[in-house]
Amino acid sequence: MPGIEGTALVLGATSPMARWTAYALARQGWDISLAGRDVQELRRIAADLILRTGATVSVREFQAEDLESHEGFWEDCVDQMEDLRCVVCAFGFMGSQDAQNEAPALAQQVMTINYTAAGTILMHAAKHFEEQKTGWIVGISSVAGERGRASNYVYGSAKAGFTQLLSGLRARLSKSGVSVLTVKPGFVDTAMTFGKDGVFLVADPKDVGGQIVEAMTKRKDVVYIPGFWRLIMFIIRSVPEKVFKKMKF
Amino acid sequence: MHPEPSRSLPEKAAPSLTGWGGSPAGPTTLLRPEKMRDFKPGESPQIARGMGRGYGDAAICGEGHTVLTERLDRMLSFDDETGVLRAEAGVSLADILTTFVPRGWFLPVTPGTKFCSLGGCLAADVHGKNHHVDGAFSQHVTSARIIPADGAERIISPDKNSDLFWATAGGMGLTGFITEVSLKLKKIETSWMAVKHTPTKDLDQTLDFLAIDDAENPYSVAWIDCLATGEKLGRSVVMNGRHAAIGEIPLRENNKLDGSFSKQKPMPFYLPSFVLNKFTVKAFNSLFNLRQGSRGEFVTKFDPYFYPLDGIKNWGRMYGKKGFVQHQCVLPHESARDGLRAILELVTESGRASFLAVLKKFGPEGRGMLSFPTGGYTLALDFANKPGLDEFHDRLDGIVLNAGGRVYLVKDSRMKADSLPYMYPRLDEFRKVLRQYDPSGKFASDLSRRLNIAGD
Ligand SMILES: Cc1cc2nc3c(=O)[nH]c(=O)nc-3n(C[C@H](O)[C@H](O)[C@H](O)COP(=O)(O)OP(=O)(O)OC[C@H]3O[C@@H](n4cnc5c(N)ncnc54)[C@H](O)[C@@H]3O)c2cc1C
C-alpha cells in the first residue's frame, strides 16, 4: 500500500486470525505491534513474524477487559509509535451459551469483551486518526452479529453492536481520510470451531489473514470471509422471525 | 476483573484417523493446542501428531488423545553465525525452506517430503539421501525441549539429559511432547541441484554404484525398476546429487536462491485398484528410466529433486481407497546382497505392484536408541492394500529378520511384536528410560501398543 505504511497495532494478537493478518501486513511492509493479555505467547508470535518477514515487531500488554486501562494504553501507543497508522481489533470471546443461560452473570464478560472493550479502544483510535487525517481501522466482527441465534446470541448481540459502531465510525471518518473495514468471518478453523457440531466449510486462518489485508488494500468497507457468507447471511436474514425462532441451529 | 476464560481445550472426535498410507485405524479424540502452554500431557493415554506423514499408526492414540501440533509452528530464533534455528515442534520443513533458502541456508537432512514437522522428524529420527555422509536428523539437532509425563519441561541434547535425548530421537513420541527443536541448518550457495543419473543393469551393479564413496555428491539414491526380473533384477537409475555452485545454474535474474515450490498437481480421484496392475507400473517405470536416465547430468530446482511426490497432491490415491502400506527395511552390509535379492524376487513373484522402490546406502548407526538407520542398505517399497497383504508382509519381515535387519517403525503398520527386540537391540535401554520418565504409560500410540514398545 504505497504511501501508507507505518506501524499497525494488532489487538488480541494471539488468535490465529490476528497472527496471520499481522503476517500479511508485515509482508506488505508494515511494522507491527502485537498487543494482548498473554505477553509470553505474543513474544513467540513476534519472534516468528520477524524471522519469516524481516519486519520490525514489538509486543505490548493489553487487557481488553480492563476498560479503565484503555486510555493510558492508547496514550502509550501514540507516544511510542510515531507512525501508528492502523489498528486491527481482533480480540473476542464467545464462551458457552449454555453456561451463560445457567449463570446469567457470565453473559456480562462476553458483552464487555466483544462490544464495550472493542468499542472504547476504537473510539480512542478514531479520535487519533481523525486528527492525523489518515489511518486504518479494521474491526473483526462476525456473521453471528447478523441474527440472534439460540446457540450464541449473547456473543452475536455484542458483535451486532460492534458492527454498527464500525459502520458509524466509517461514516464519521470517511471525510478525514480514515478507512474503516468491517470483517465478518464465517467459520474459521480455530479453537472456537474445533470439533463443534454444525460447523462447515471452515476457513484456514492463514487465508483469512491474507484476505483481510487484501480487502484493506482495495479499501473495502465490509468484507465477508470467505465471500460466500454474504449470500448465506442474506438468506438467513430473509427468514421471517416466525420461522426463524423454530429453526434449530 | 473476571477470571480468565477457561483454557480447557475443545475436543474433536476422529472415528477413523489414519496414517499417510490411509489404511483404516482406530477411533481417537483430537486436541489442538494453539498456545504453547496448552501443549501439556494430561492423564489419559496420548500421543503427539505432527503432519501425519508417518505411513502407519505411530501418530494415533486409539481410545485416547491424539494431540495435533500444527498450530505450534512459531520460529523462535536464528543465529546467523552458527546456522542454528530454534523453533516450535510444529514448524514444517516447508516453512523452513521458504524462509531460509532465500537467505542461503538449507536443511541438513530432509526426508522425501517437506510436509513434515520438526517434532515428527526428531521423533522418527528421519534420514535423507545424504545419510551415508551426514547421518540422521538427530545428528544436527543441537538441543530440544520436551515435556515428559510429569509435566515438567526439560532441555535435552547430546550433553544434557542425554539419555532422554537419545531415547527421544527415534522414540516415536513415546518419551513425551517435544515442544521445541534447535536445528543446525547448512549453508548453500544456490537453491539448485546438480544431478547425475546413471542407469545400472542389475542389482550387483546398483549396489556397487551406491557403495562408491563419492565425496563430491553427498546425496545418492537408486530408483529400482521393480518389474525387471531374472538377470535384470534390481536394475535401477542411480541418482547422485549435490548443491549446485553459482557458475552452474541457468542464468536468469534473481533465481540464485529461490525458496519457492513447484505447483502441486492434484490426483483428483481414487484410481480403481485394477488400474494399478503390473502393466501400469511397468509403463511408469520404463517411462521413468527413459525420461530421467537419458538426461544424464543436469541442473534442477531443489523442490522436484528432494520432493518429487510432493508435486502430486494426494498421490496416495493412486493405490485406491483401501490405501497402501509402505515397507522400508535396512539390511546390514554382510547380508544386503542376498537379502535384497530375496525381497525383490518375492515382490516379482507375488505380482504385487510397487510404484515406489527406492534403495539407498546408509552410513554408520547414530546414537538414537530406536533410530532406524544403521550401516547397510535400505529399501522402501509401497504396496496397495489388497487381500493377502498380511502374509506377504510377514514373509518380507522374515527375510529382514534372517538378514539381521530392521523395519522402519514410522512406515510400519503390520509388523509383529515378537520381531521388535531382534530388530532393535537397544530396546531394553529405551524401556529403561521410559520407565524413568513415564512409569505409568501416559504416552501410547496404536504403534506402541501393537509392538509392545514400552514393554510389560
Ligand atoms: C512422501 C514421503 C516421503 C518420505 N520420505 C522419507 C525419507 O526419505 N526418510 C525418512 O526418514 N522418512 C521419510 N518419510 C516419513 C516422514 O519423514 C516421517 O514419517 C516423519 O516423521 C513425518 O513427520 P510428521 O510431522 O508428519 O510426523 P507424524 O507422522 O505426525 O508423526 C510421526 C511420529 O512423530 C511423533 N511426533 C510428531 N510430533 C511430535 C512432537 N511434537 N513430540 C513428540 N512426538 C512427536 C508422532 O507421535 C509419531 O510417532 C516420508 C514420508 C512421506 C509421506
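Computed from a predicted structure; not experimentally measured.

Chemist: Can you tell me about the overall build of chain B, naming the residues and giving the values?
Modeler: When you go through chain B residue by residue, the secondary structure sums to 12 helices and 21 strands. Put simply, chain B has 456 residues, and 60% of those count as buried. Just so you have it, chain B exposes about 18600 Å², and 53% of that area is on carbon and sulfur atoms.

Chemist: Residues and numbers for the domain arrangement of chain B, please.
Modeler: Buried accessible area, meaning the area lost when the parts come together, often serves as the stated size of an interface. Residues and elements named next belong to chain B. Per the domain assignment, the segments making up chain B are domain 1 (75-188) and domain 2 (192-415). If you look at the interface, domain 1 gives 35 residues, while domain 2 gives 33 residues. Here domain 1 and domain 2 share an interface that buries about 3000 Å² over both sides, 63% of which is from carbon and sulfur atoms. Interface area lost by domain 1 to domain 2 is led by Lys129, His132 and Trp166, which between them contribute 26%. One can count 2 salt bridges joining domain 1 with domain 2. The residue Lys114 makes a salt bridge to Asp310 at a minimum N-O spacing of 3.4 Å. At the surface where domain 1 touches domain 2, the tally comes to 15 residue pairs in polar contact (both at pLDDT 80 or more). Looking at the side of domain 1 that touches domain 2, the elements with two or more residues in it are helix H1 (93-100), helix H3 (131-134) and helix H4 (162-168).

Chemist: Describe the sheet that holds strand E1 (residues 11-14) of chain B, and please don't skip the residues or the numbers.
Modeler: Residues and elements named next belong to chain B. What the 4 strands build is an open sheet, ordered E1-E2-E4-E3; its pairing is mixed. Whereas interior strands pair on both sides, the edge strands pair on one side only; in this sheet they are E1 and strand E3 (46-49). Direction aside, the axes of adjacent strands within the sheet are offset by 30° on average. Here strand E2 (residues 28-31) runs beside strand E4 (residues 65-68); their pairing, made up of 3 bridges, is parallel. Bridge assignment links Leu30 to a residue of E4, and that residue is Thr66.

Chemist: So what about the side chain of Asp446 of chain B? Which residues, and what values?
Modeler: Residue and element names in this part refer to chain B. Position of Asp446 among the secondary structure elements: in helix H12 (residues 446-450). At a separation of 2.8 Å, a polar atom in the side chain of Asp446 contacts the main-chain amide nitrogen of Gly62. The residues contacting Asp446, other than those within four sequence positions of it, are Ala25, Gly26, Asp57, Ile60, Cys61 and Gly62.

Chemist: Give me the lowdown on the packing of helix H1 (residues 16-27) of chain A against helix H2 (residues 39-53) of chain A, citing residues and values where you can.
Modeler: All names here are of chain A. Running from N to C, H1 and H2 cross one another at 30°; their axes reach a closest spacing of 10 Å. In terms of crossing hand, the pair formed by H1 and H2 is right-handed. Facing H1, whose interface residues are Arg19, Trp20, Ala22, Tyr23, Ala26 and Arg27, H2 presents Ile45, Asp48, Leu49, Arg52 and Thr53. Classifying every residue of the contact of H1 with H2 gives 6 nonpolar, 1 polar and 4 charged.

Chemist: Explain the site of the ligand residue by residue, including any values.
Modeler: All names here are of chain B. With respect to spatial proximity, 35 residues lie near the ligand, and among them Ala48, Arg53, Gly54, Ser117 and Tyr408 are the closest. The side chain of Ser117 places a nitrogen or oxygen atom 2.7 Å from an oxygen atom of the ligand. In this structure, an oxygen atom belonging to the ligand sits 3.0 Å away from a main-chain N or O atom of Met172. Burial of the ligand by the protein chains amounts to 96% of its free accessible area of 960 Å². Taken together, the elements giving at least two residues each to the shell around the ligand come down to E3, helix H2 (118-123) and strand E10 (177-184). Residues belonging to the shell around the ligand are distributed by class as follows: 20 nonpolar, 12 polar and 3 charged. Looking at the shell around the ligand, you find at least three residues from each of domain 1 (75-188) and domain 2 (192-415).

Chemist: Report on unusual backbone geometry, specifying residues and quantitative values.
Modeler: A negative phi angle is the norm for most residues apart from glycine, just as the trans form is the norm for most peptide bonds. Residues and elements named next belong to chain A. Here the amide bond leading from Ile225 into Pro226 is cis, since omega sits at -10°, within 30 degrees of zero. In the Ramachandran plot, Leu201 falls in the positive-phi region, its phi being about 45° despite a non-glycine side chain. Not every positive phi belongs to a glycine, and Arg219 is a case in point at roughly 50°. You can see Arg219 is positioned in the loop between helix H7 (205-217) and strand E7 (222-225).

Chemist: Please set out the sheet that holds strand E6 (residues 84-88) of chain B residue by residue, giving values where relevant.
Modeler: Residue and element names in this part refer to chain B. Read from one edge to the other, the open sheet built from 5 strands follows the order E5-E6-E10-E8-E9, with strand pairing classed as antiparallel. Pairing within the sheet leaves two strands with one partner each, and these edge strands are strand E5 (75-78) and strand E9 (154-156). Neighbour to neighbour, the strand axes of the sheet diverge by 15° on average, direction disregarded. In the packing of H1 onto the sheet, contacts are made with E5 and E6, and the angle to E5 comes to roughly 45°.

Chemist: Can you break down the packing of aromatic side chains residue by residue, with the values?
Modeler: Under the defined criterion, the tally for this structure stands at 24 aromatic pairs over all chains. Ring geometry for Phe200 of chain A versus Trp229 of chain A: centroids 5.7 Å apart, planes at 20°, classification stacked. With a gap of 29 residues between them, Phe200 of chain A in the loop between strand E6 (178-185) and H7 and Trp229 of chain A in helix H8 (residues 229-238) connect regions that are remote in the sequence. Relative accessible area serves as the criterion here: at 38%, Phe200 of chain A is assigned to the partly exposed category. Accessibility expressed as a relative area gives 4% for Trp229 of chain A, which makes it buried. Judged by centre distance (5.2 Å) and plane angle (35°), the ring pair of Phe106 of chain B and Phe306 of chain B falls under tilted. Here the residue Phe106 of chain B occupies a position in strand E7 (residues 105-106), and Phe306 of chain B occupies one in helix H7 (residues 302-306), the gap between them amounting to 200 residues. This pair shows no difference in class: Phe106 of chain B is buried, exactly as Phe306 of chain B is. Connected via pairs of aromatic rings, a cluster forms that spans Phe106, Tyr219, Phe261, Phe302, Tyr305, Phe306 and Tyr307 of chain B. Positioned above the aromatic ring of Phe261 of chain B, the side-chain terminus of Lys114 of chain B is 4.5 Å from the ring centre.

Chemist: Would you mind going over the interface of chain A and chain B in detail, with residue names and values included?
Modeler: Listed per partner, the contact involves 27 residues of chain A and 31 residues of chain B. When chain A packs against chain B, close to 2500 Å² is buried across both sides, 49% of that on carbon and sulfur atoms. Among the residues of chain A in contact with chain B, Arg44, Leu51 and Phe194 of chain A are the three that bury the most area, contributing 31% of the side total. Remark: the boundary between chain A and chain B carries 9 salt bridges. With a closest N to O distance of 3.6 Å, Asp189 of chain A and Arg71 of chain B form a salt bridge. Where chain A meets chain B, there are 14 residue pairs in polar contact (both at pLDDT 80 or more). At the level of elements, H1, H2, helix H5 (106-132) and H7 of chain A are the ones that each hand at least two residues to the side of chain A that touches chain B. When the residues that make up the side of chain A that touches chain B are grouped by side-chain class, the tally is 9 nonpolar, 7 polar and 11 charged.

Thresholds applied
- Residues numbered from 1 in each chain as written.
- Chains lettered and ligands numbered in written order.
- Predicted model: local features only at pLDDT ≥ 70, side-chain atom pairs only at ≥ 80, totals over all residues.
- Heavy atoms only, no water.
- Helix = DSSP H or I, 4+ residues; strand = E, 2+ residues; numbered from the N terminus.
- Buried < 20%, exposed > 50% of the residue type's maximum accessible area, 1.4 Å probe, protein only.
- Areas by Shrake-Rupley, 256 points an atom, 1.4 Å probe, with all protein chains shown as cover.
- Domains from an automatic or database assignment.
- Contact = heavy atoms within 4.5 Å.
- Buried area = accessible area lost by both parts, 1.4 Å probe.
- Salt bridge = Lys/Arg side-chain N within 4 Å of Asp/Glu carboxyl O.
- Polar contact = N/O pair within 3.5 Å; in protein donor to acceptor, adjacent residues only side chain to side chain.
- Pairing = 2+ DSSP bridges.
- Axes fitted to C-alpha atoms, helices over the stretch in contact; angles between N-to-C directions.
- Left-handed = near helix turned anticlockwise from the far one by under 90°.
- Nonpolar A, V, L, I, M, F, W, Y, C, P; charged D, E, K, R; others polar.
- Near = heavy atom within 4 Å.
- Phe/Tyr/Trp six-rings, centres within 6.5 Å; stacked < 30°, edge-to-face > 60°.
- Lys NZ or Arg CZ within 6 Å of the ring centre and 35° of its normal.

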